[in-house]
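Results of the structural survey
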Amino acid sequence: MRILVLQLKRIGDAILTAPALGALRAALPEAEISLVLAGAAASLGRAFAMADRTLTYASGKDARNCWRQALTGKFDAVLDFSGTDRSAALTGISRAKYRVAYAKDAKNWLRKRAYNTLSDASVRNLHTIDLHQALVTRLLEEMKISPIPTVKDYGHLTLPPDLAPPALPNPYIVVHPGTARAEKYWPAERWIEVIRHLQETHHLPVVLTGSNDADELVHLRAITDGCHVHANFAGQFSLLQLASTIANSCMVLGVDSAAMHLAAAFQRPQIALFGPTNPYHWQPRHSKAKLLLAGPEESPTTTPKHAKFPMTDLPTARVLRAVDSLMG
């Protein structure tokens, strides 16, 4: 059986699709699975061990290759995790027997014609990992395959054996303060306090990571101007190198970002800081993760309707307590 999986969204969405691929592989171990990733997420392709091959959707030649594969690949099933006109068109031209998407994404005329199997899973009421797994469940139900496997959130990404990790002391801590949205930044002066605490109280070297985004680099420079770190790899790593650095660390601290999802995928001890975004849909769920929310409550319950607070409403003392608890 040949299956085409379309995930054309951002890095975090791609990482959180990995458990769904794990469930698909568990149910159909002999299937040939092709995964299409787009944008920056495509550089993680080699880490998706459950896929037999990955394709990059980008402008020019790469995009033409994806369209050609969809048209001529003789796929038996297509799973569209993206829900865009572009991914709907790729699904439609495949002429696969099973063309699966979320019902919420099949509302205009193009998408109604592209899909023939829909999942009613609610994006509002599910964690993103569960939402993605619901799409796989819908395909397996349509194929009358049972029992439908359940898999853990982690263990579905692997580091390529030829990927050389950076030379770092062992152990070390990763601090990843950056993110794609400035509203999710935690104040630089508070990161400085936390980094100094890690060094002075727990005597562990700190490695700073981040992207080459101009605003993010300014934010990280404000941090490094106020404290010393063992290494600052901001803007120097590929996503696979970042994944390797995170996977080999003893702890990861950061905000809601791709780095947070990578730490969860490799089940690293981690502290995740949330404010304006809803942790109900994105939080790490393993036992070594500590979730900290901005706002007046120390340990609020996450719900689909999340009260948003600015990151400045997350006090430094709360983060330091979490650090000491996790280190203990």
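Preceding this paragraph is the structure being described.
Residues numbered from 1 in each chain as written. Predicted model: local features only at pLDDT ≥ 70, side-chain atom pairs only at ≥ 80, totals over all residues. Heavy atoms only, no water.

Looking now at the pairing of strand S4 (residues 77–80). The side-chain alternation of S4 yields two buried faces, one formed by Ala-77 and Leu-79 and the other by Val-78 and Asp-80. Two elements, S4 and strand S5 (residues 98–102), share three bridges in a ladder whose sense is parallel. Bridge pairing in S5 links Val-78 to Arg-99. Where the polypeptide runs from S4 across helix H4 (residues 85–94) and back to S5, its parallel neighbour, the crossover connection is right-handed. (Buried < 20%, exposed > 50% of the residue type's maximum accessible area, 1.4 Å probe, protein only. Helix = DSSP H or I, 4+ residues; strand = E, 2+ residues; numbered from the N terminus. Pairing = 2+ DSSP bridges. Right-handed = clockwise from strand over helix to strand, strands pointing away.)

Let us now look at the packing of aromatic side chains. Per the counting criterion, the structure on display carries three aromatic pairs. Plain terms: the ring middles of Tyr-57 and Trp-67 are 6.4 Å apart, the flat faces sit at 70° to each other, and that makes the pair edge-to-face. Taken together, the positions of Tyr-57 in strand S3 (residues 53–57) and Trp-67 in helix H3 (residues 61–72) put the pair ten residues apart, joining distant regions of the chain. Since its relative accessible area comes to 29%, Trp-67 is described here as partly exposed. Taken together, a centroid distance of 5.1 Å and an interplanar angle of 85° make the contact between Trp-186 and Trp-191 edge-to-face. Of the two residues, Trp-186 and Trp-191, neither departs from the other in class, the shared state being buried. Across the ring face of Phe-75, the terminal group of Arg-2 is positioned such that the distance to the ring centre comes to 5.2 Å. (Phe/Tyr/Trp six-rings, centres within 6.5 Å; stacked < 30°, edge-to-face > 60°. Lys NZ or Arg CZ within 6 Å of the ring centre and 35° of its normal.)

So, about the sheet that holds strand S11 (residues 270–274). What the six strands build is an open sheet, ordered S9-S8-S7-S10-S11-S12; its pairing is parallel. Edge positions in the open sheet fall to strand S9 (231–232) and strand S12 (289–293), since each of these has one partner strand only. In this structure, strand S10 (residues 251–255) lies alongside S11, joined through four bridges in parallel fashion. In the sheet register, Gly-254 faces S11, and the bridge partner there is Ala-272. Sheet strands touched by helix H7 (residues 188–201): strand S7 (173–176), strand S8 (206–208), S10 and S11. Its angle to S10, the strand with the most contacts, is close to 175°. (Contact = heavy atoms within 4.5 Å. Axes fitted to C-alpha atoms, helices over the stretch in contact; angles between N-to-C directions.)

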